Structure formats: C-alpha cells, structure tokens
Amino acid sequence: MSGLLEISGLAVAFGRRGARPVLDGVELSVGEGEIVGVIGETGSGKTTLARTAVGLVPARSGRVVFDGREISGLRGRALRAFRRSGRLSYAFQDPLRALDPELTVRRAVAEPLAVAGDLDGAEIAARVDEALETVGLDAARLGDRLPGAISGGQRQRVLLARAIVTRPRLLIADEPVSALDASNRNRVLRLLDRLRTERGMAVVVISHDLSSLAGIADRVAVLYRGRVVEQGPVREVFGRPLHPYTALLIASAPSVRAEGGPGAAALRPSAEPPAWTAREGCVFAHRCPFVIGSCRTAPASGPVGEGRTAACHRVPEWHGLVATAQGPPELVAAAGETHKEAGRPPALSRTSEKG
Ligand code: SF4
C-alpha cells in the first residue's frame, strides 16, 4: 500500500554543477495520520529533505509523490498552485526568522489563506481563530501583537497555527521544539500528537532531539550525511538500533538509551580509520568501530526485519562486538585484517565499556 508521501531515490546537490551532494538516494514513506521522525546531526541533510519534499528545493533526481501525484517534477505555475493549496505544509525551523516582524499574529496566520484566495475575509478570520485556538493561543489577547511582543513558545505555536490554517493532510515541522523550554516543548509535542489523532493529519518531525520523538513518533528515519542509514518503528529502532550510527546517537542521549545499553565510547573507533574511508565505501566508515574490508563497498539500504531497513554490511553481527570484550573470534580477526591493511591496530579495544 502506498503512503501519503512517498520519497524514492531522492538526490539533491548544491554548488556549481552539483559539486556538493546533500542528499543521496533517500527513501521515505509517510502514511495517513502517521508521525514520522527524521533524526540526525546538524548537517545531515534533514532540513534540505524537508524543503525538497515541499518543493522549496529542486531535486537532482528521484521522486517525491504526495497523495498519488508526483510533485518533484512540478515547476512554475503548477508548483506555485500546489504550494498555495496548503495540503502539504511546512513549519520553518526558526520562528523569529520565519515570521515577518511587521505582521501581527493574526495577519501572519491568515497569510497562507489570503495567498490561496479561496475564502472571503470572514471565513479567513474564522479559520485564523480556529488555528490559534487549536495551538492553545488566545486570539483576542494575542492576535494584534507583533512576533517580537510575544514569547518564544508563543511564536513557535504561531508558526504551527500558520502551518495548519490551510488544514493540511501532512505537516512537516522542522525542529519544532529545539528552541523551547521543557514545558513549551511538551506542549508543542502534545499538540502535534493531537493534530494526528483529532484531524488524522500526518506529521513529519525533523529533530536532532531523540527524546522529543520517543514519545510521539510511530516511525523514525535516521539520516547521516544525506543518506537514510536506518528506518523503522521508533520503539524498535531506539530499543535495538541496527546501524552503528543510530546506536551512537542513542548512546549519546541518556533519556532514550536502554538500560544496560552501550555508552558512546564503546561505539567510537579507538584507532584511526583506514585511509580509504575518506573517499569511498560506507558513508559512516570513518567513524565506525566495526569497519572491515567489505565496507569499502557502500552498503545499500535493505530490509532487516518487519518494517525495518538498515544500510550496514554487518547487521546484526556488530552487536556481538559491543556486548563482549573481544567479540566472536572470527569477527575480531576480520576487523583486525582490515586495520592491518591500513597498517593500524583493530578498533575494538573499548567494546566492553558501558559508558
Ligand atoms: S557497513 Fe561497515 S563501516 Fe558501515 S556502518 Fe556497517 S560495519 Fe560500519
């Protein structure tokens, strides 16, 4: 069954003649009423993925299909018409920069409807009140204020009100809680969950904060250097990551790390990586403590169980190398071989560390 949003083989590159690849072969599917988290470090391509999905950045290759229609090929008037429809909505990352400082809250939220041009003034006013109420803001009290005269948490909710005022079927929220304190963060996360349950809205939450996603996401995709290295149900991915990079992210986030799970130190190489990792092979090889000679061929993302994919040659055998001091002899030998090729010792000496 195809999802509401289907992204396949998506590649994006910036710079002259596409000299700087940012996304490469990204696959992502979002079903009706589903919350999907996209996680990864700064610079992993999360925001570019979001902006490409809504048509703000052109794809070099691949497809973005929304509700059965390919939108990655839309240009000019057709693209503008699709974006004006507001069925696929994007909440920008930074409310202070995304909101016009001279537009009142009410006018900022009304803008997408005014641009669409389908409703009259009274209908727009009613929809603005509805959107502000949905995000928990008092339209009568805050509607005439400027963004600079409200709090950061309120600005974030204004941005969400603006993104949902068109009643989208899918909302892509880019780091919606990264600048908020704990109480505002929980309020915004609960709101996203409510939008899904009450309106059947699908939500993609872009975040580098794993704990924010743990409570609301159904599935999660892990992005590293522009590639989805792992994808699956959030509980399973966070409970037993199948890619070493995911494991490192989780180990670095005490709030989601499973009790007894390895610490970050156990998932970092204790020696310099083989020289080839700088130019070829697995995208994570230069940071991976489990790298072996076969990682010189970039692994394709493939199914590794019900609803899960991972791009790693050593799934799931690398788990055994973390759990024990030395790991199974044949794997230790294999790892040693690789590093011998590079003239360095094997990088497994800290695998017993629990962090
Ligand atoms: S393919 Fe090799 S280098 Fe890449 S993550 Fe897996 S074990 Fe590490």
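Scoring rules and cut-offs
Residues numbered from 1 in each chain as written. Predicted model: local features only at pLDDT ≥ 70, side-chain atom pairs only at ≥ 80, totals over all residues. Helix = DSSP H or I, 4+ residues; strand = E, 2+ residues; numbered from the N terminus. Rg over C-alpha atoms; globule rule 2.2 N^0.38 Å. Buried ≥ 20, exposed ≤ 12 C-beta atoms within 10 Å, placed from the backbone. UniProt positions renumbered as here; feature names shortened; annotations may be inferred. Domains from an automatic or database assignment. Contact = placed C-beta atoms within 7 Å. Pairing = 2+ DSSP bridges. pLDDT = per-residue confidence, 0-100. Near = placed C-beta within 6 Å. Nonpolar A, V, L, I, M, F, W, Y, C, P; charged D, E, K, R; others polar. Core = buried A, V, L, I, M, F, W, Y, C linked by C-beta atoms within 7 Å. Expected span 1.5 Å × (residues − 1). Arc of directions from axis to C-beta. Axes fitted to C-alpha atoms, helices over the stretch in contact; angles between N-to-C directions.

Lay out the overall build of the chain with the relevant residues and their values.
Helices and strands together make up the secondary structure of the chain, namely 13 helices and twelve strands. Taken over the C-alpha trace, the chain has a radius of gyration of 22 Å; the compact-globule value for 355 residues is 20 Å, and the two agree within 12%. Expressed along its principal axes, the backbone C-alpha trace of the chain runs to roughly 75 × 40 × 35 Å. Considering the chain as a whole, with its 355 residues, one finds that 45% of them fall into the buried category.

Please set out the UniProt feature "domain: ABC transporter" (unreviewed entry) in the chain residue by residue, giving values where relevant.
What UniProt calls "domain: ABC transporter" (unreviewed entry) maps, in this numbering, to residues 5–250. What you have in residues 5–250 is 41% helix and 25% strand, and the ends, taken at the C-alpha atoms, are 27 Å apart.

Give a detailed account of the domain arrangement of the chain, specifying residues and quantitative values.
Domain boundaries in the chain define domain 1 (5–227) and domain 2 (244–341). Between domain 1 and domain 2, the C-alpha centre-to-centre distance is 33 Å. With nine residues of domain 1 in contact, the opposing surface of domain 2 contributes eleven residues. The set of elements that each furnish at least two residues to the side of domain 1 that touches domain 2 consists of helix H9 (210–214) and strand E9 (219–224). No other element matches H9, which puts three residues into the side of domain 1 that touches domain 2.

How would you summarise the pairing of strand E6 (residues 88–91) if you had to cite specific residues and measurements?
Here E6 shows two buried faces, one formed by Leu88 and Tyr90 and the other by Ser89 and Ala91. Inspection of the sheet shows E6 paired to strand E7 (residues 170–174) by four bridges, in the parallel sense. Within E7, the position partnered with Tyr90 by the bridge is Ile172.

Pulling in residues and values, what's your account of the confidence of the model for the chain?
Do not read the fine detail of predicted coordinates wherever pLDDT is low. Chain-level pLDDT for the chain is 88 on average; 90% of the residues reach the 70-or-more range. Mean pLDDT across the secondary structure elements of the chain bottoms out at helix H13 (residues 329–341), with 38, and peaks at E9, with 98. Low pLDDT (under 50) marks residues 324–355, which in the prediction has 65 contacts with non-local residues, meaning those over four places away or in another chain.

I'd like a rundown of unusual backbone geometry, residues and numbers included.
Here the residue pair Val315 and Pro316 is connected by a cis peptide bond, since its omega of -10 degrees sits within 30 degrees of zero. As for its position among the elements, Pro316 is in the loop between strand E12 (309–310) and helix H12 (318–323). Positive phi values are uncommon outside glycine, yet Arg17 reaches one of about 55 degrees. Counting through the fold element by element, Arg17 comes out in the loop between strand E1 (5–14) and strand E2 (20–30). Positive phi is not limited to glycine here, since Arg225 has a value of about 45 degrees. By the element assignment, Arg225 lies in the loop between E9 and strand E10 (227–233).

So what's going on with the sheet that holds strand E4 (residues 61–66)? Residues and values would help.
Strands in a sheet are paired, the pairing made by backbone hydrogen bonds, and the direction either parallel or antiparallel. Taken in spatial order, the four strands line up as E2-E1-E4-E5 in an open sheet, and their pairing is antiparallel. Where the open sheet ends on each side, the last strands, each with one partner, are E2 and strand E5 (69–70). As paired elements, E1 and E4 share five bridges and run antiparallel to each other. Bridge pairing in E4 places Ser8 opposite Arg63.

Now, about the site of the ligand: what can you tell me, with residues and values included?
The environment of the ligand is made up of 13 residues, and the closest members are Cys282, Ala285, Cys288, Cys295 and Cys312. Among the residues making up the shell around the ligand, the classes are represented as eleven nonpolar, one polar and one charged.

Quick one: what's the story with the nonpolar core, residue by residue and with numbers?
Within the largest apolar cluster, 99 residues are counted, with the highest numbers of intra-cluster contacts made by Val109, Ala161, Leu171, Val203 and Val222. Two domains share this core, each providing at least three of its residues, namely domain 1 (5–227) and domain 2 (244–341). Aside from chain neighbours lying at most four places away, what touches Val203 is Ile35, Leu171, Ala173, Leu192, Leu195 and Arg196.

Outline helix H8 (residues 182–199), listing residues and values.
For H8, built from 18 residues, the straight-helix expectation of 26 Å at 1.5 Å per residue is met to within 8% by its first-to-last C-alpha distance of 25 Å. What H8 keeps buried is the set Val188, Leu189, Leu191, Leu192 and Leu195. Across the axial projection of H8, the buried residues extend over an arc of 150 degrees, all falling on one side. Residues Ala182, Ser183, Thr197 and Glu198 are exposed on H8 and point more than 90 degrees away from its buried face. If you follow the buried residues of H8, they end up packed against strand E3 (35–39), helix H7 (152–164), E7, strand E8 (202–207) and H9.

Go over the sheet that holds E7 with me, naming the residues and quoting the values.
Spatial strand order, E6-E7-E8-E3-E9-E10-E12-E11: eight strands in an open sheet with mixed pairing. Edge positions in the open sheet fall to E6 and strand E11 (302–303), since each of these has one partner strand only. Relative to E8, E3 runs parallel, the two being bridged by five bridges. By the bridge assignment for E8, Ile35 is matched with Val203. Along the sheet, H7 makes contact with E6 and E7, crossing E6 at roughly 165 degrees.

So what's going on with the pairing of E4? Residues and values would help.
Pairing geometry for E4 and E5, over two bridges, is antiparallel. Within the sheet, the bridge partner assigned to Val65 lies in E5 and is Glu70. Between the end of E4 and the start of E5, which pair antiparallel, lie two residues, with Asp67 showing a positive phi angle near 50 degrees.

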